[in-house]
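# Close look at the chain arrangement
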Amino acid sequence: MSSHASSSNDKDMVISGADASAQTFDLGSLTPMLHSYASKQEDRWEKQMIAIFGSIQVDGPLPLLPPLSEDESCGQKRKSKSKDTYRSPEGKERKLIKGFQREMKNMVKKAKSDSVIFESFNFVEAIKKLQMVPKRSEATVMQWLDGKPRVAKSSDGVDIICHLPMALKECARKELYQALMEFGHAVNAKPDGGADRNKRNVKSSYVQKEGELAGIVKLVAYWKMHGPKTPSRDYLKSGRQFCLATAVLNKLNHSALRINAAFEALDEKQYSALKTLREKVLLDNPFARMIASNYPLLFEGLAIMWNRQTPLHSDNTDPINGWVALMVLGEFQKGHLWIPCLKLRLSYEPGTIIFLRGHILPHEVEAWEGGQRISMAHFTHQTIWNDYPDIECP
Ligand SMILES: [Fe+2]
């Protein structure tokens with residue numbers, strides 16, 4: 001009840017001015033009419049909204065939709081009014097996702113149809129001996145800088161790299177870049193967030209420029225170092241950071257789904273095994289289920305790096321044959337990833353996705369030209385696989 005409820009003196013409303021003597025309204029008799037009119041308008045409005053947007057279930061679990069829809073936010077022009085106009089937001093989202101999943105799969109298919117065999121690198125030997133440098137060092141440098149998607153194969157016919165230049169369109173790149181910059185500023189990303197085991201996370205491996213961000217944040221759903229699995233420290237630093245991390249991951253939904261789709265097309269066996277592994281982890285860990293409901297990445301976690309020029313290293317904590325998915329964004333123009341054991345230089349510019357067997361293929365980020373750079377590494381550590389010995393990383 002409002003504190004300004006009407007008193008009996010308010011009941012009659014008198015029009016002041018020239019007509020004051022002629023017209024007097026009884027507000028009490030008008031009230032039911034007004035209520036009836038408002039109710040009809042409300043019903044009509046609700047029906048119109050449902051016709052446009054579809055009904056949203058509010059008494060059950062709410063749909064976890066990413067807040068941004070790339071085609072809409074980019075203002076893609078539609079030729080005419082299609083049935084899409086009448087789809088629900090969930091329907092539009094499903095359609096959008098199916099579209100870019102198809103796009104990613106086609107891109108990987110195209111890359112596979114343009115495979116290059118590296119005779120100096122034998123996959124089975126590399127797995128057994130952890131071969132770091134090719135025996136035949138006379139191989140000439142190969143550069144993949146022409147923007148075409150390609151796959152690198154070992155001499156024994158195993159896919160070892162999948163290079164997808166400009167895999168993300170400009171609108172998706174812009175959205176992601178903006179979300180990651182806002183997040184980096186909000187959490188005050190810094191390079192000295194703790195040195196990693198290989199002492200790579202040192203200040204000298206970051207490019208520090210006025211007005212640009214330099215730092216790293218690791219958002220790992222179920223990190224396992226020495227004890228039981230937990231979300232990574234960067235997730236749980238504070239209540240505020242947890243809110244910021246979940247919000248940015250919600251915005252990264254589409255990019256996670258792109259990575260998943262490309263991975264399925266690239267290596268169906270490892271994709272299926274990773275899917276089974278993830279299902280088991282989620283079944284055993286309610287906290288992981290909670291995180292997964294907001295972020296669909298199949299891999300265990302994500303490292304976001306601002307202006308990091310990662311020196312030569314192997315991803316030693318990943319399975320020996322495991323894939324890592326790299327994505328790069330930013331306001332720089334030229335950048336490369338260098339794989340010395342193959343003498344291969346890959347273009348690594350905004351919107352590029354590179355899958356590589358990061359444990360057996362040491363890799364290095366070369367100096368780039370231009371402004372802010374953000375890279376993302378999507379990975380799964382061997383320790384998670386160790387917990388489920390019945391599932392192998394094929
Ligand atoms: Fe790496």
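Everything discussed here concerns the structure shown above.
Reference entry: report on the structure contained in this document. Keep in mind the model is a prediction, meaning the values are calculated, not measured. (Residues numbered from 1 in each chain as written. Predicted model: local features only at pLDDT ≥ 70, side-chain atom pairs only at ≥ 80, totals over all residues.)

## Description of the sheet that holds strand 13 (residues 364–365)
Put simply, the rule is: If DSSP finds at least two bridges between two strands, the strands pair. Numbering of helices and strands runs from the N terminus; a helix is a DSSP stretch of H or I covering at least four residues, while a strand is a stretch of E covering at least two.
Strand order in this open sheet of 4 strands is 4-11-10-13, and the pairing throughout is mixed. Whereas interior strands pair on both sides, the edge strands pair on one side only; in this sheet they are strand 4 (142–144) and strand 13. Where strand 4 meets strand 11 (residues 344–347), 3 bridges bridge the pair, whose relative direction is parallel. Bridge assignment links Met142 to a residue of strand 11, and that residue is Leu344.

## Section: the sheet that holds strand 14 (residues 369–379)
As a reminder, the rule being used: Axis lines are fitted through C-alpha atoms, for helices just across the contact stretch, and the angle between N-to-C directions can take any value from 0 to 180 degrees. What counts as a contact here is a pair of residues whose C-beta atoms, placed from the backbone, lie within 7 Å.
On the basis of which strands lie adjacent, the open sheet formed by 8 strands has the order 3-5-6-12-9-14-8-7 and mixed pairing. Bordering the open sheet on either side are strand 3 (115–118) and strand 7 (215–220), each of which pairs with just one other strand. Ignoring which end each strand starts from, the neighbouring axes of this sheet average 15 degrees apart. Summarising the sheet, strand 6 (residues 159–164) and strand 12 (residues 353–356) pair through 4 bridges and their orientation is antiparallel. In the sheet register, Ile161 faces strand 12, and the bridge partner there is Leu356. Where helix 3 (residues 89–112) meets the sheet, it contacts strand 3, strand 5 (150–154) and strand 6, and its direction lies at approximately 120 degrees from that of strand 6.

## Overview of the packing of helix 3 against helix 8 (residues 253–266)
Keep this limit in mind: Just so you know how the angles are binned, under 35 degrees is roughly parallel, over 145 roughly antiparallel, 65 to 115 roughly perpendicular, and the rest oblique. Handedness of a helix crossing follows the sense of rotation of the near helix relative to the far helix, less than a right angle counterclockwise being left-handed and clockwise being right-handed. Polar here means any residue other than Ala, Val, Leu, Ile, Met, Phe, Trp, Tyr, Cys and Pro, which are nonpolar, and Asp, Glu, Lys and Arg, which are charged; Gly is therefore polar.
One can describe the packing of helix 3 onto helix 8 by two numbers: an axis separation of 8 Å at closest approach and a directional angle of 40 degrees. Relative to helix 8, the element helix 3 lies oblique. Read as a crossing pair, helix 3 and helix 8 show a hand that is right-handed. Here helix 3 contributes Ile97, Phe100, Gln101, Met104, Lys105, Val108 and Lys109 to the contact with helix 8, which in turn contributes His254, Leu257, Arg258, Ala261, Ala262, Ala265 and Leu266. Considering only residue class, the contact of helix 3 with helix 8 consists of 9 nonpolar, 2 polar and 3 charged.

## Some points on helix 5 (residues 170–186)
Let me state the cut-off plainly: Given the number of residues in a helix, its expected span is that number minus one, multiplied by 1.5 Å. Here a residue counts as buried when 20 or more other C-beta atoms sit within 10 Å of its C-beta, as exposed when there are 12 or fewer, and as partly exposed otherwise, the C-beta atoms being derived from the backbone. To be clear, the arc concerns the directions from the helix axis to the C-beta atoms.
With 17 residues, helix 5 extends 24 Å between its outermost C-alpha atoms, agreeing within 8% with the 24 Å of an ideal straight helix rising 1.5 Å per residue. Of the positions making up helix 5, those classed as buried are Ala172, Arg173, Glu175, Leu176, Ala179, Leu180, Phe183 and Gly184. The buried residues of helix 5 all sit within an arc of 165 degrees when viewed along its axis, so they share a single face. Pointing more than 90 degrees away from the buried face of helix 5 are the exposed residues Glu170 and His185. One or two residues past the end of helix 5 sits Asn188, with phi positive at roughly 55 degrees.

## Some points on the packing of helix 5 against helix 7 (residues 239–251)
Direction vectors running N to C along helix 5 and helix 7 enclose 170 degrees, while the axes themselves pass 10 Å from each other. It follows from the interaxial angle that helix 5 and helix 7 lie roughly antiparallel. Seen from helix 5, the contacting residues are Ala179, Leu180, Phe183 and Ala186; seen from helix 7, they are Leu244, Val248 and Lys251. Broken down by class, the residue content of the contact of helix 5 with helix 7 amounts to 6 nonpolar, no polar and 1 charged.

## Examining the environment of Arg373
Among the structural elements, Arg373 can be located in strand 14. Residue classification places Arg373 among the buried residues on the basis of 25 C-beta atoms within 10 Å. Remark: the alpha-carbon pair of Arg373 and Val207, spanning 166 residues in sequence, is separated by 9.3 Å.

## Details of helix 7
With 13 residues, helix 7 extends 19 Å between its outermost C-alpha atoms, agreeing within 8% with the 18 Å of an ideal straight helix rising 1.5 Å per residue. Listed in full, the buried residues belonging to helix 7 are Ala245, Val248 and Leu249. One face of helix 7 carries all of its buried residues, which in axial projection span an arc of 100 degrees. Of the exposed residues in helix 7, those oriented more than 90 degrees away from the buried face are Gly239, Arg240 and Cys243. As for helix 7, its buried residues are in contact with helix 5, strand 7 and helix 6 (233–236).

## Structural notes on the environment of Lys251
Summarising the element assignment, Lys251 is placed in helix 7. Separated by 43 residues in the primary sequence, Lys251 and Asn294 have C-alpha atoms spaced 9.5 Å apart.

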